[in-house]
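Next come the chains, spelled out residue by residue.
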Amino acid sequence: MTQKNAQPEAAFGFKQVPEADKQGMVNDVFSKAAARYDQMNDLMSSGLHRLWKDDMITMLNPPKGERAFHVLDVAGGTGDIAFRILDAGGPNTRVTIADISPEMVSEGQKRAEKEGRLGRCGLTVGNAEKLAFPDSHFDAYTIAFGIRNVTHIDRALTEAYRVLKPGGRFLCLEFSHMPVELAQKIYDAYSFTVIPAVGKVVTGDGQPYRYLVESIRMFPKQDDFAAMISAAGFSRVTYRSLSGGIVAIHSGWKI
Ligand SMILES: C[S@@+](CC[C@H](N)C(=O)[O-])C[C@H]1O[C@@H](n2cnc3c(N)ncnc32)[C@H](O)[C@@H]1O
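Presented here is a report on the structure given in the accompanying data block. Since the structure is predicted, the reported quantities are computational estimates derived from the model, not experimental observations.

## Details of the site of the ligand
Then, in step 1: Within the structure, the ligand sits among 22 residues, and A75, G77, S101, A128 and A144 are positioned closest to it.
Then, in step 2: For the shell around the ligand, the secondary-structure elements that each account for two or more residues are α1 (19-33) and α4 (80-88).
Then, in step 3: Tallying contributions element by element places α1 first for the shell around the ligand, with 3 residues.
Then, in step 4: Residues of the shell around the ligand, tallied by class, amount to 11 nonpolar, 8 polar and 3 charged.

## As for the packing of helix α7 (residues 181-203) against helix α8 (residues 207-218)
Then, in step 1: The geometry of α7 relative to α8 is characterised by a closest axis approach of 7 Å and an angle of 150 degrees between their N-to-C directions. Considering their axes alone, α7 and α8 lie roughly antiparallel with respect to each other. Where α7 crosses over α8, the two elements pack in a sense that is right-handed. Across the interface between the two elements, S191, F192, I195, P196 and G199 from α7 touch P208, Y209, R210 and V213 from α8.
Then, in step 2: A class-by-class count of the residues in the contact of α7 with α8 yields 6 nonpolar, 2 polar and 1 charged.

## Here's the deal with α7
Then, in step 1: Its 23 residues give α7 an end-to-end C-alpha distance of 32 Å, which sits within 8% of 33 Å, the value for a rise of 1.5 Å per residue.
Then, in step 2: Residue S191 marks the point of greatest curvature in α7, where the axis turns by about 30 degrees.
Then, in step 3: Among all positions in α7, only S191, I195, P196 and G199 are buried.
Then, in step 4: Residues of α7 that are buried make contact with α2 (37-45) and α8.
Then, in step 5: Two residues or fewer after α7 comes G204, characterised by a positive phi angle close to 90 degrees.

## Structural notes on the pairing of strand β2 (residues 15-18)
Then, in step 1: When strand β1 (residues 9-12) meets β2, the two strands line up antiparallel, connected through 4 bridges. If you follow A10 over to β2, its bridge partner there is V17.
Then, in step 2: The turn joining β1 and β2, which pair antiparallel and follow one another in sequence, is formed by 2 residues; a positive phi near 60 degrees is taken by G13.

## Quick notes on the nonpolar core
Then, in step 1: Membership of the largest hydrophobic core comes to 60 residues, with the highest contact counts inside it found for M56, A82, I85, Y141, A160, F170 and L173.
Then, in step 2: Among residues more than four places away in sequence, those in contact with L173 are W52, K53, M56, A144, F145, V247 and I249.

## Here's the deal with helix α3 (residues 48-60)
Then, in step 1: Across its 13 residues, α3 extends 19 Å between first and last C-alpha, which sits within 8% of the 18 Å expected from 1.5 Å per residue.
Then, in step 2: Buried within α3 we find W52, K53, M56, I57 and L60. Angular distribution of buried residues about the axis of α3 spans 140 degrees; they occupy a single face of the element. Along α3, the residues that are exposed and aim more than 90 degrees away from the buried face are L51, D54 and T58.
Then, in step 3: If you follow the buried residues of α3, they end up packed against α4, β6 (138-144), β7 (164-175), β8 (235-242) and β9 (247-253).

## Brief notes about the environment of G13
Then, in step 1: Mapped onto the fold, G13 is located in the loop between β1 and β2.
Then, in step 2: G13 sits in the partly exposed class, given 19 other C-beta atoms within 10 Å.
Then, in step 3: Along the sequence, G13 and S215 sit 202 residues apart, while their C-alpha atoms lie 4.3 Å from each other.
Then, in step 4: Those residues within four positions of G13 in sequence are excluded, and the remaining contacts are R210, Y211, E214, S215 and M218.

## Quick word on the pairing of β9
Then, in step 1: Among the 7 residues of β9, 5 are classified as buried, and the element is accordingly described as predominantly covered.
Then, in step 2: Inspection of the sheet shows β8 paired to β9 by 6 bridges, in the antiparallel sense. By the bridge assignment, R240 is partnered in β9 with I249.
Then, in step 3: Counted between consecutive antiparallel strands, the loop separating β8 from β9 contains 4 residues, among which S243 sits at a positive phi close to 50 degrees.

## Considerations on the sheet that holds strand β3 (residues 69-74)
Then, in step 1: One open sheet accounts for 7 strands, arranged β5-β4-β3-β6-β7-β9-β8; its pairing is mixed. One side of each edge strand has no neighbouring strand; the edge strands of this open sheet are β5 (121-125) and β8. Within this sheet the neighbouring strands show an average axis-to-axis angle of 15 degrees, counted without direction.
Then, in step 2: With 4 bridges joining them, β3 and β6 adopt parallel strand pairing. Pairing of V71 across the sheet is with A140, part of β6.
Then, in step 3: Against the sheet, α4 makes contact with β3, β4 (93-99), β5 and β6, and its axis sits at roughly 175 degrees relative to β4, the strand it touches most.
Then, in step 4: Sheet contacts for helix α5 (residues 102-114): β4 and β5; angle to β5, the most-contacted strand, approximately 165 degrees.

Rules used throughout
- Residues numbered from 1 in each chain as written.
- Predicted model: local features only at pLDDT ≥ 70, side-chain atom pairs only at ≥ 80, totals over all residues.
- Near = placed C-beta within 6 Å.
- Helix = DSSP H or I, 4+ residues; strand = E, 2+ residues; numbered from the N terminus.
- Nonpolar A, V, L, I, M, F, W, Y, C, P; charged D, E, K, R; others polar.
- Axes fitted to C-alpha atoms, helices over the stretch in contact; angles between N-to-C directions.
- Parallel < 35°, antiparallel > 145°, perpendicular 65-115°, else oblique.
- Left-handed = near helix turned anticlockwise from the far one by under 90°.
- Contact = placed C-beta atoms within 7 Å.
- Expected span 1.5 Å × (residues − 1).
- Bend = angle between axes of the 7 residues up to and from the residue.
- Buried ≥ 20, exposed ≤ 12 C-beta atoms within 10 Å, placed from the backbone.
- Pairing = 2+ DSSP bridges.
- Core = buried A, V, L, I, M, F, W, Y, C linked by C-beta atoms within 7 Å.
- Arc of directions from axis to C-beta.

Below, the structure is given as structure tokens:
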């Protein structure tokens with residue numbers, strides 16, 4: 001029987017938790033992971049995340065010339081996407097990072113300072129579901145391995161649409177689903193055993209990495225996520241699956 005005053009729930013990995021608690025639990029994962037985040041990314045994906053991210057930047061294709069181009073990189077963490085965009089774009093390409101975790105933003109700030117990038121890269125703490133930016137403000141919106149952590153994905157997509165200028169592009173790189181069942185089984189066996197174990201050795205705690213792997217399985221399949229992007233108002237929604245569907249890049253346009 002449904003309780004009259006039952007609280008709404010959200011998936012935190014394979015667990016159902018009160019919706020109001022989920023973001024705090026996600027923040028706890030990334031505050032613990034922040035210091036070793038970049039190292040763990042390389043270990044967990046055998047360096048493949050670099051190729052996937054490069055593919056997203058190739059699709060974004062920031063202008064090489066003088067044209068001003070301002071990208072919002074949501075869930076931008078330690079700056080991996082932002083710095084690639086700056087390297088690929090011209091002198092008037094700028095990136096603003098918005099990430100909900102102060103610890104991840106602080107790691108990004110350290111990297112930006114060390115690499116002399118602060119002139120063209122702003123780092124802010126903010127929630128994808130309620131962005132502190134005006135309507136029609138950015139030329140492009142990117143989010144990599146971030147959206148599956150958000151409690152209300154539909155709200156984050158609506159916000160992405162709101163802050164983009166007409167003609168602006170939405171690009172999302174996220175873990176996805178492999179259509180070949182055997183490949184998915186092998187990948188699951190790897191990710192559910194190896195990744196939390198490596199996380200435990202490197203960071204002393206395997207639990208955050210168990211959440212990361214479970215949240216991948218809970219994320220919608222390519223076509224379903226494409227439908228959510230369209231429902232937020234985007235046009236010409238397409239996706240490319242990479243590495244047999246381990247990840248996918250979804251694209252949409254605000255027209
Ligand atoms: C797996 S990391 C990805 C970092 C980076 N984009 C990359 O590809 O390396 C996920 C990031 O999402 C951020 N995040 C989770 N929920 C968020 C939200 N509601 N709004 C903004 N950022 C969020 C986390 O703090 C974390 O930095």
